[in-house]
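Here is how the chains run, residue by residue.
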Amino acid sequence: APVQGYIVTPFIGSTAQAPVVFNSTARFQVITGLTQGVTYRFEVAAFNSIGTGTAASSATIVQGSPEAPWFQAAAPADQGATVK
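First, a word on what this report is: a plain description of the structure on this page. The shown structure was predicted, so the numbers you read here are calculated from the model rather than taken from an experiment.

## Describing the overall build of the protein chain
A count of helical and extended segments in the protein chain gives zero helices and eight strands. Overall, the protein chain shows an N-to-C arrangement of helices and strands of β-β-β-β-β-β-β-β. Within the protein chain, buried positions represent 14% of all 84 residues. A separation of at least 24 residues holds for 40% of the contacts in the protein chain among residues at least 6 apart in sequence. Within the structure as shown, the protein chain displays about 6400 Å² of accessible surface, and the carbon and sulfur contribution to it stands at 57%.

So this is what it looks like as structure tokens:
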């Protein structure tokens, strides 16, 4: 049976937080209500009409400001630069 959506469970340490159910097969979703400066890990499981699959776990992520951008190279371009 095809995937109908995903269940995302945030963890703080080993403590599960409230799971968030996405009734969508979109691969990008937004989880709100996270606390700045807290380290999270996420488990994601797909579900369909038969049931819920085995969850995959993310690396830990610190909620907050993004890291500094990085690039591999910069080259001059017409009235600007190309950054890769």
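## Considering the side chain of Thr9
When you line up the elements, Thr9 lands in strand β1 (residues 5–12). Since its relative accessible area comes to 15%, Thr9 is described here as buried. If we ignore the near neighbours within four places in the chain, the residues touching Thr9 are Ala16, Gln17, Pro19, Arg41, Phe42 and Glu43.

## Examining the pairing of strand β4 (residues 39–47)
Strand direction decides the pairing type here: β1 and β4, joined by seven bridges, are antiparallel. Each residue of the ladder has a partner; that of Phe11, found in β4, is Arg41. Where β4 meets strand β6 (residues 61–62), two bridges bridge the pair, whose relative direction is antiparallel. If you follow Tyr40 over to β6, its bridge partner there is Ile61.

## Some points on the environment of Gln72
Positionally, Gln72 belongs in the loop between β6 and β7 (74–77). On a C-alpha basis, the gap between Gln72 and Lys84 in space is 5.5 Å, while along the polypeptide they are 12 residues apart.

## Topic: the layout of surface pockets
Of the pockets and cavities examined, the largest pocket occupies roughly 180 Å³. As for the largest pocket, its lining consists of Tyr6, Val8, Phe22, Ala26, Arg27, Phe28, Gln29, Val30, Ile31, Phe42 and Val44. Residue assignment for the lining of the largest pocket shows that the elements contributing at least two residues are β1 and β4. Counted by class, the lining of the largest pocket contains nine nonpolar, one polar and one charged residues.

Reading the values: the criteria
- Residues numbered from 1 in each chain as written.
- Predicted model: local features only at pLDDT ≥ 70, side-chain atom pairs only at ≥ 80, totals over all residues.
- Heavy atoms only, no water.
- Helix = DSSP H or I, 4+ residues; strand = E, 2+ residues; numbered from the N terminus.
- Buried < 20%, exposed > 50% of the residue type's maximum accessible area, 1.4 Å probe, protein only.
- Contact = heavy atoms within 4.5 Å.
- Areas by Shrake-Rupley, 256 points an atom, 1.4 Å probe, with all protein chains shown as cover.
- Pairing = 2+ DSSP bridges.
- 1 Å grid on protein atoms, 1.4 Å probe; cavity = no way out; pocket = protein on both sides within 12 Å on 5 of 7 lines; lining within 4 Å.
- Points joined across faces, edges and corners; volume = space filled by probe spheres on them.
- Nonpolar A, V, L, I, M, F, W, Y, C, P; charged D, E, K, R; others polar.

Function cannot be inferred from these measures alone, as they are strictly geometric.
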